[in-house]
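# Architecture and fold: a report
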Amino acid sequence: QVQLVESGGGLVQAGGSLRLSCAASGSIFSINNMGWYRQAPGKERELVAAITSGGSTNYADSVKGRFTISRDNAKNTVYLQMNSLKPEDTAVYYCNAEIRRRSYYPEANYWGQGTQVTVSS
(Lines give C-alpha, C1' and ligand atoms only; values in the text may rest on other atoms or scores of the structure.)
Protein backbone atom coordinates (compact mmCIF):
# COMPACT_ATOMS: atom_id res chain seq x y z
CA GLN A 1 0.00 0.00 0.00
CA VAL A 2 0.99 3.61 -0.56
CA GLN A 3 -0.05 6.59 1.53
CA LEU A 4 0.39 10.32 1.06
CA VAL A 5 0.15 12.24 4.33
CA GLU A 6 -0.11 16.02 4.25
CA SER A 7 0.58 18.50 7.01
CA GLY A 8 1.03 22.22 7.52
CA GLY A 9 -2.36 23.69 6.73
CA GLY A 10 -4.13 26.15 8.99
CA LEU A 11 -5.49 29.65 9.43
CA VAL A 12 -3.36 32.64 8.51
CA GLN A 13 -3.93 36.33 7.90
CA ALA A 14 -3.60 37.82 4.44
CA GLY A 15 0.04 38.47 3.65
CA GLY A 16 1.20 35.61 5.83
CA SER A 17 2.96 32.36 4.99
CA LEU A 18 2.40 28.65 5.37
CA ARG A 19 4.45 25.61 4.40
CA LEU A 20 2.72 22.41 3.37
CA SER A 21 4.42 19.02 3.45
CA CYS A 22 3.41 15.72 1.91
CA ALA A 23 5.23 12.49 2.66
CA ALA A 24 4.74 9.34 0.64
CA SER A 25 5.18 6.04 2.43
CA GLY A 26 4.65 2.35 1.88
CA SER A 27 5.71 0.11 -0.97
CA ILE A 28 7.47 2.55 -3.34
CA PHE A 29 9.92 1.79 -6.13
CA SER A 30 10.01 5.24 -7.68
CA ILE A 31 8.13 8.55 -7.75
CA ASN A 32 7.79 10.57 -10.93
CA ASN A 33 5.87 13.84 -10.89
CA MET A 34 4.56 15.29 -7.64
CA GLY A 35 2.21 18.18 -7.25
CA TRP A 36 -0.21 20.23 -5.24
CA TYR A 37 -3.81 20.86 -6.19
CA ARG A 38 -6.50 22.85 -4.43
CA GLN A 39 -10.26 22.95 -4.35
CA ALA A 40 -12.27 25.87 -3.05
CA PRO A 41 -15.96 25.51 -2.13
CA GLY A 42 -18.11 25.35 -5.25
CA LYS A 43 -15.10 25.19 -7.56
CA GLU A 44 -13.28 22.46 -9.42
CA ARG A 45 -9.97 21.09 -8.25
CA GLU A 46 -7.10 22.96 -9.90
CA LEU A 47 -3.37 22.47 -10.24
CA VAL A 48 -1.34 24.80 -8.06
CA ALA A 49 2.20 23.59 -8.70
CA ALA A 50 4.02 20.52 -9.93
CA ILE A 51 7.59 19.23 -9.88
CA THR A 52 9.26 16.45 -11.84
CA SER A 53 11.68 13.91 -10.41
CA GLY A 54 14.47 16.01 -11.91
CA GLY A 55 13.28 19.19 -10.24
CA SER A 56 11.57 21.03 -13.09
CA THR A 57 8.61 23.02 -11.87
CA ASN A 58 5.48 24.69 -13.16
CA TYR A 59 2.93 26.89 -11.44
CA ALA A 60 -0.56 28.20 -11.89
CA ASP A 61 -0.46 31.84 -12.98
CA SER A 62 -2.34 32.85 -9.84
CA VAL A 63 0.50 31.70 -7.55
CA LYS A 64 3.61 32.48 -9.59
CA GLY A 65 6.08 34.51 -7.58
CA ARG A 66 4.35 33.69 -4.29
CA PHE A 67 4.45 29.88 -4.00
CA THR A 68 7.46 27.58 -4.31
CA ILE A 69 7.30 23.82 -4.76
CA SER A 70 10.24 21.61 -3.82
CA ARG A 71 10.92 17.97 -3.06
CA ASP A 72 13.28 15.77 -1.12
CA ASN A 73 13.63 12.56 -3.10
CA ALA A 74 15.44 10.80 -0.27
CA LYS A 75 12.43 11.38 1.98
CA ASN A 76 9.75 10.92 -0.71
CA THR A 77 8.41 14.29 0.35
CA VAL A 78 7.12 17.31 -1.53
CA TYR A 79 6.72 20.79 -0.06
CA LEU A 80 4.77 23.90 -0.92
CA GLN A 81 6.01 27.17 0.52
CA MET A 82 3.21 29.71 0.30
CA ASN A 83 4.03 33.38 0.84
CA SER A 84 1.99 36.57 0.50
CA LEU A 85 -1.18 34.57 0.97
CA LYS A 86 -4.48 36.04 -0.19
CA PRO A 87 -8.06 35.24 0.84
CA GLU A 88 -8.60 33.72 -2.61
CA ASP A 89 -5.97 31.09 -1.75
CA THR A 90 -8.42 29.61 0.75
CA ALA A 91 -9.08 25.99 -0.22
CA VAL A 92 -8.41 22.38 0.62
CA TYR A 93 -4.96 21.55 -0.69
CA TYR A 94 -4.26 18.05 -1.98
CA CYS A 95 -0.95 16.35 -2.63
CA ASN A 96 -0.59 14.18 -5.72
CA ALA A 97 2.14 11.78 -6.79
CA GLU A 98 2.78 9.41 -9.68
CA ILE A 99 4.20 6.31 -8.01
CA ARG A 100 5.55 3.03 -9.26
CA ARG A 101 5.33 0.37 -6.57
CA ARG A 102 7.57 -2.18 -8.31
CA SER A 103 9.93 -1.89 -11.25
CA TYR A 104 7.52 -3.94 -13.36
CA TYR A 105 4.33 -2.14 -12.22
CA PRO A 106 2.84 0.74 -14.17
CA GLU A 107 2.75 4.14 -12.52
CA ALA A 108 -0.38 4.98 -10.58
CA ASN A 109 -1.78 8.26 -9.36
CA TYR A 110 -2.09 8.75 -5.60
CA TRP A 111 -3.76 11.50 -3.59
CA GLY A 112 -3.42 12.75 -0.05
CA GLN A 113 -6.41 13.31 2.20
CA GLY A 114 -6.26 17.09 1.86
CA THR A 115 -5.35 19.88 4.27
CA GLN A 116 -7.37 23.04 4.82
CA VAL A 117 -5.76 26.41 4.20
CA THR A 118 -7.79 29.43 5.28
CA VAL A 119 -6.60 32.98 4.66
CA SER A 120 -8.46 35.72 6.50
CA SER A 121 -8.66 39.27 5.20
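Our structure's up above, just so we're on the same page.
Moving on, we come to the nonpolar core. In terms of nonpolar packing, the biggest core is built from 30 residues, with Trp-36, Leu-80, Met-82 and Tyr-93 touching the most fellow members. Secondary-structure elements contributing two or more residues to this core are β1 (2–7), β3 (18–26), β4 (30–39), β5 (46–51), β7 (67–72), β8 (77–82), β9 (91–100) and β11 (115–120). Looking at this core, the element that brings in the most residues is β9, giving five residues. Sequence-distant contacts of Leu-80, defined by excluding residues within four places in its chain, comprise Leu-18, Arg-19, Leu-20, Trp-36, Val-48, Ala-49, Phe-67, Thr-68, Ile-69 and Tyr-93.

A few words now on the pattern of salt bridges. Should their charged atoms come close, side chains of opposite charge can pair. In this structure the tally under the stated criterion is five salt bridges. We note a salt bridge from Arg-38 to Asp-89, for which the minimum N-O separation is 3.0 Å. Linking Arg-38 in strand β4 with Asp-89 in the loop between β8 and β9, this pair joins segments that are 51 residues apart in sequence. The burial state of Arg-38 is the same as that of Asp-89; both residues are buried. For the salt bridge of Lys-64 with Asp-61, the shortest nitrogen-to-oxygen distance reads 3.1 Å.

Strand direction decides the pairing type here: β4 and β9, joined by eight bridges, are antiparallel. Residue pairing in the sheet places Gly-35 in a bridge with Asn-96 of β9. Two strands pair when backbone bridges link them, and β4 and β5 are joined in this way by five bridges, in the antiparallel orientation. If you follow Tyr-37 over to β5, its bridge partner there is Leu-47. Hairpin connection between β4 and β5: a loop of six residues separates the two successive antiparallel strands, and Gly-42 in this loop has a positive phi of roughly 80 degrees.

Let us look at the side chain of Glu-6. Inspection of the secondary structure assignment puts Glu-6 in strand β1. Although buried, Glu-6 forms no salt bridge, and the nearest oppositely charged side chain, Arg-45, lies 7.8 Å from it. Only 2.5 Å separates the side chain of Glu-6 from the backbone nitrogen of Cys-95, close enough to count as a polar contact. A polar contact is formed between the side chain of Glu-6 and the backbone nitrogen of Gly-114, at a distance of 2.4 Å. Those residues in contact with Glu-6 that lie beyond four places of it in its chain are Ser-21, Cys-22, Trp-36, Tyr-93, Tyr-94, Cys-95, Gly-112, Gln-113, Gly-114 and Thr-115.

If you walk across this open sheet you meet the four strands as β1-β3-β8-β7, and the pairing is antiparallel. Looking at which strands have only one partner, the edges of the open sheet turn out to be β1 and β7. Across the sheet, the mean angle from the axis of one strand to that of its neighbour is 15 degrees, orientation sign disregarded. For β7 and β8, the ladder comprises six bridges, and the chain directions are antiparallel. Bridging from a neighbouring strand, Asp-72 pairs with Thr-77 of β8.

What counts and what doesn't
Residues numbered from 1 in each chain as written. Predicted model: local features only at pLDDT ≥ 70, side-chain atom pairs only at ≥ 80, totals over all residues. Heavy atoms only, no water. Core = buried A, V, L, I, M, F, W, Y, C linked by side-chain atoms within 4.5 Å. Buried < 20%, exposed > 50% of the residue type's maximum accessible area, 1.4 Å probe, protein only. Helix = DSSP H or I, 4+ residues; strand = E, 2+ residues; numbered from the N terminus. Contact = heavy atoms within 4.5 Å. Salt bridge = Lys/Arg side-chain N within 4 Å of Asp/Glu carboxyl O. Pairing = 2+ DSSP bridges. Lys, Arg positive; Asp, Glu negative; His and termini not counted. Polar contact = N/O pair within 3.5 Å; in protein donor to acceptor, adjacent residues only side chain to side chain. Axes fitted to C-alpha atoms, helices over the stretch in contact; angles between N-to-C directions.

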